[in-house]
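# Chains, contacts and geometry: an overview
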Amino acid sequence: MKLIDVIRFSLIAAGLASAGWTQTQVDLRTQVKSIDFSAALYTLPSQTGPILPSNCEVGMTFILTTSIAGQNWYICTSTNQWTLQGNTLPSVTGKSGMVLSNDGTSLLWNGLGGDVSGALSSLTVNKLQGRPVNSAAPVTGQLLGWNGTQWTPQTLNITIPVTSIFGRTGSITAQTGDYNFAQLAGTVSISQLPSAGGDISGTLSSATVTRLQSRSVANTAPTAGQVLSWNGTQWAPATVSAGGSGGVASIFGRTGAVASQSGDYTAAQVTNAADKTQANSYTVGARQTFTSGISGAGLQVSPGPLPNAPLVGDMVVDSGDTNKFKVYNGTSWVGINTSTLPPGNYTAFFTSATSVSVPGSTHNLGTSNLLVQCFDSASPSNLVEPSQVTVDPASFTVTVTFAAATTGRCTLNGYNGASSTSVTNPGAGMASQLGDLAVVWTSPTTLAIGGNCSVTTPCNVRFGTQTFPVTAAASVSLATGTGQAFVYVDATGTLTVGSTMSLTCNLTCVVAPGITSFPINVIPIYTWTATNNAWDSSGGVDRRGWLTANPIFGGSGIAAVSTAGATTIAIDSAVVPTYLTASASLSFPQISAGTCASDLTFSLPGANPGDSVAPGWPAALPPGLGGTMRISTAGVVSVRLCADATGSVTPAAATYTATVLRSF
C-alpha cells in the first residue's frame, strides 16, 4: 500500500468515524496475502519495559530495559513463565588474569594457584607435588636435591641410591664375576701381571721357556739343522746325521719329507690288527674278549642275507628270518632255537579262550618234558590253574584247557639239552641237582664255578616262570684284598660274583663291586673268604640249600605249618590287621551348584587300586554335598566332593578318613 493510499485510508477512516461508523480492526493472522515489513522504517516485534509483565502467553517476547545488553531478552516459554535467552556470564570487571571455570552449578572467575602462579601466558612453577622449589639460579652440572625444607640446586657430592647392583641390594661389596675382562677399560701394565712360573720364567710380557713338561731345556744356542734331543738330563741342541745314530737313510725306500702311502704296512705288521679283506685264522685257544657296557653290547653282528658259499662254522644274523642267529654246520644253517643251543622260554598270549594250542614247531623247545604255567591279565598277574594240560610226545604240541573262558598268557619251559629228534632221557638231568653250580677252590688266586655246566647239561636257574641256562663253567680270579665274595644269580639270570675285593670274572660270570651281602631278589650260590690276596682253601660256604641252613618258624602274625616235608606259610589274621586306615585334613574350594571340585589326595601306604574303601566323612560336612573315595594309585586316596543343584557350597577344612578292608 502506497503512502498516499495510507493517507487516503486514514482520512476516510476518520470521516467514517465522525459520521458514526465503527472502527474496523485488521487481524494479520487471518490475512490471505503475505505481509512484508521489509520496507517499513522499523518494526517492534517485542514488548519493552523496566520490569517483566506478570502475565504472558507462549511465544511472547520482552526486552527488559533495566538489564545489561546480552542478558535482557526473554521469551514466554509457558503461560506466565519468562525465560532469559543466551548464556549468563559473570562480570569481568576486576578479574584480570583469572580463568573462567564452573563449580558444577554456575560459572566462576578463579585465579591460578597450587604449584604454579602468574598469568596463563607467563606461569611460574613454585612447587613440585606441593613441596617448595628454591628460586636460586642453578649452575651447570647441578641437580635438584631436597635439603629437608625445599628442592634446591645442589652439586653432585652425595651418595645417590640405586635399586640394585648386580642383582643385590643394601651395602654392596665387590664379588667375583661382577665384571668380565672385556668390560674393563684401559690396558694392563706390566706391574699388574703375575710372575711367570712352571715351565717359564721372567714376566709374562717377556717370558722365557726353561722347561718342557717339567723337563729342563739347555740354554745352549743351537746351530742350523740341529734338533732338541734328550741327553738323559735335559733337552739340548743336537745334530742328527743321515744314516747315523738317531736318524734314518730312507723310509719305505723314500727320502726327504716322507708322507704315508697305501701299502706301507700289512695287517700282519700291526699288532692285533685284522685284515677285513681276508679271512682270518687264529691259533687254537686264542680268545678275544668283548665287554658289554650300559650304552652298547660287547659284540655286534650286522643282520644280512645268508651267504651263498658258507664254510663250516660261519655265523650270521639272518635278516630274512626275523634276524635269527644261525651257524653253518657244513650242510645247513642251524638256527639258535634248535636243541643244539639252549632256547629261551616261550609265552603264548590269548583272549577269552577255553582252549589254547601251541604247536611244537612254534615254541621250538624240542622236548615233551615241558613245564606249563598260566597267568591271567590282571596287574599284577595271578596264577591260573588249567583244568587240563597235554603235550604230544611226537610233535611236542601243547594244549591247555580251562574250565571257563580266560584271558592271559601261558609260559612253556622244559629244555633238557637233548636232540629234538632223539630224546633218550627226558628230564632236566643235571639241571635238577645242586652239584652243577658248585664253587671249587683250584688255586690261591682262582675259584671255579659250575664246572659241570655245558650246552648238553645246562645249569638252569629259575625265577618265577623264567628259566635261565648256564651253559659253560666260569672262574673268578683274585687280584688283591681280604674279605668275602658272594656268588649268586641275579633276576636277569646273570651269574655274578660280588665283593669289595679286586676280582676278575671270565666267560659266563660278571663282577659286581662294593657288595657286602647277598642283594635282594637273587638266588644265593656260595660265599668264599680270602686273606692277604689269596682265597682261603676252606673258605667256601654252600648257600644253595638255604632253607636247610635257615629253617622257617612261625612268628608274630606268621603261621608256618610243616606236613610231609612241605612248609605252608600263612598270615595269622588274629595278629595282622585286616584293614588299612589313614586320615588327613583337606580344604576344598567353593563348589558351584551341580558341579564337582577337583580331587584332593592323601597317603594310605599299602593300599592298591581296586581296593574297597570305607570313607569317613567329617561330622560337620555341609548339606548339599556328596562325595566318593577311591585308591587312585598305589598308596594314594583320592577324595571327590560334589554339590547338588540347590546352590554352591564352600566346605570348611576338615579331617577325612579312608579305611581299606582286607581279608586273608
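Just so it is clear, the structure is predicted and the values come from calculations on it, not from any experiment. (Residues numbered from 1 in each chain as written. Predicted model: local features only at pLDDT ≥ 70, side-chain atom pairs only at ≥ 80, totals over all residues. Heavy atoms only, no water.)

## Section: the nonpolar core
Counted only if it meets this: For our purposes a nonpolar core is just a set of buried Ala, Val, Leu, Ile, Met, Phe, Trp, Tyr and Cys residues, chained together by side-chain atoms within 4.5 Å. In this scheme, a residue with accessible area under 20% of its type's maximum is buried, one over 50% is exposed, and one in between is partly exposed, where area comes from a 1.4 Å probe on protein chains only. Secondary structure is summarised from DSSP: a helix means a run of H or I of at least four residues, a strand means a run of E of at least two, and numbering begins at the N terminus for each. Throughout, a contact is declared for two residues whenever any of their heavy atoms are within 4.5 Å.
Counting residues in each nonpolar core, the largest one holds 25 residues, and the members touching the most others are Val439, Ile449, Val476, Val487, Val497, Leu503 and Trp535. Residue assignment for this core shows that the elements contributing at least two residues are strand S28 (446–449), strand S29 (459–463), strand S31 (474–480), strand S32 (483–489), strand S33 (495–499), strand S34 (502–506) and strand S36 (523–531). For this core, the element with the highest residue contribution is S36, accounting for 4 residues. When sequence neighbours within four positions are dropped, the list of residues in contact with valine 497 reads Ile449, Val476, Ala485, Phe486, Val487, Leu503, Cys505, Val510, Val511 and Ala512. Listed in part, the 22 residues of the second largest apolar core include Ala607, Val637, Val639 and Ala643.

## A word on the packing of aromatic side chains
To describe a pair of aromatic rings, one takes the distance between the centres and the angle between the planes. Rules: Note on aromatic contacts: the rings of Phe and Tyr and the six-membered ring of Trp form a pair at centre separations within 6.5 Å, being stacked when their planes are under 30 degrees apart, edge-to-face when over 60 apart, and tilted otherwise.
Using the criterion set out here, one finds 12 aromatic pairs in the structure. With a centroid separation of 5.1 Å and an interplanar angle of 55°, the aromatic rings of tyrosine 328 and tryptophan 333 are classed as tilted. Judged by centre distance (5.9 Å) and plane angle (65°), the rings of phenylalanine 588 and tyrosine 656 are edge-to-face. In this pair, phenylalanine 588 sits in the loop between strand S40 (579–586) and strand S41 (600–603) while tyrosine 656 sits in strand S45 (residues 654–661), placing the two residues 68 residues apart along the sequence. You'll find phenylalanine 588 and tyrosine 656 in the same group, each marked buried.

## Examining the pattern of salt bridges
This is how it is decided: We define a salt bridge as a side-chain nitrogen of Lys or Arg found within 4 Å of a carboxyl oxygen belonging to Asp or Glu.
All told, the structure shown has 6 salt bridges when counted by the stated rule. Across the salt bridge formed by arginine 630 and aspartate 599, the nearest N and O atoms sit 3.6 Å from each other. Here the residue arginine 630 occupies a position in strand S43 (residues 625–633), and aspartate 599 occupies one in the loop between S40 and S41, the gap between them amounting to 31 residues. With a relative accessible area of 42%, arginine 630 lands in the partly exposed category. Here aspartate 599 makes a salt bridge to arginine 640, at a shortest N to O gap of 2.7 Å. With aspartate 599 in the loop between S40 and S41 and arginine 640 in strand S44 (residues 636–643), this residue pair connects regions lying 41 residues apart in the sequence. Overall, the relative accessible area of 25% leaves aspartate 599 in the partly exposed class. On the accessibility criterion, arginine 640 (34% relative accessible area) is partly exposed. Because the salt bridges share partners, they merge into one network encompassing Asp599, Arg630 and Arg640.

## Some details on the confidence of the model for the protein chain
The criterion, for reference: pLDDT gives the predictor's per-residue confidence on a scale running from 0 to 100.
Here the protein chain averages 80 in pLDDT, and 83% of its residues register 70 or above. At the level of individual helices and strands, the protein chain shows its lowest average pLDDT in helix H1 (residues 3–18), which scores 47, and its highest in S41, which scores 95. This model gives residues 15–21 a pLDDT under 50, and the stretch forms 1 contact once residues within four places in sequence are excluded. Contacts from residues 338–342, a stretch scored under 50 in pLDDT, to residues over four places away or in other chains number 15 contacts.

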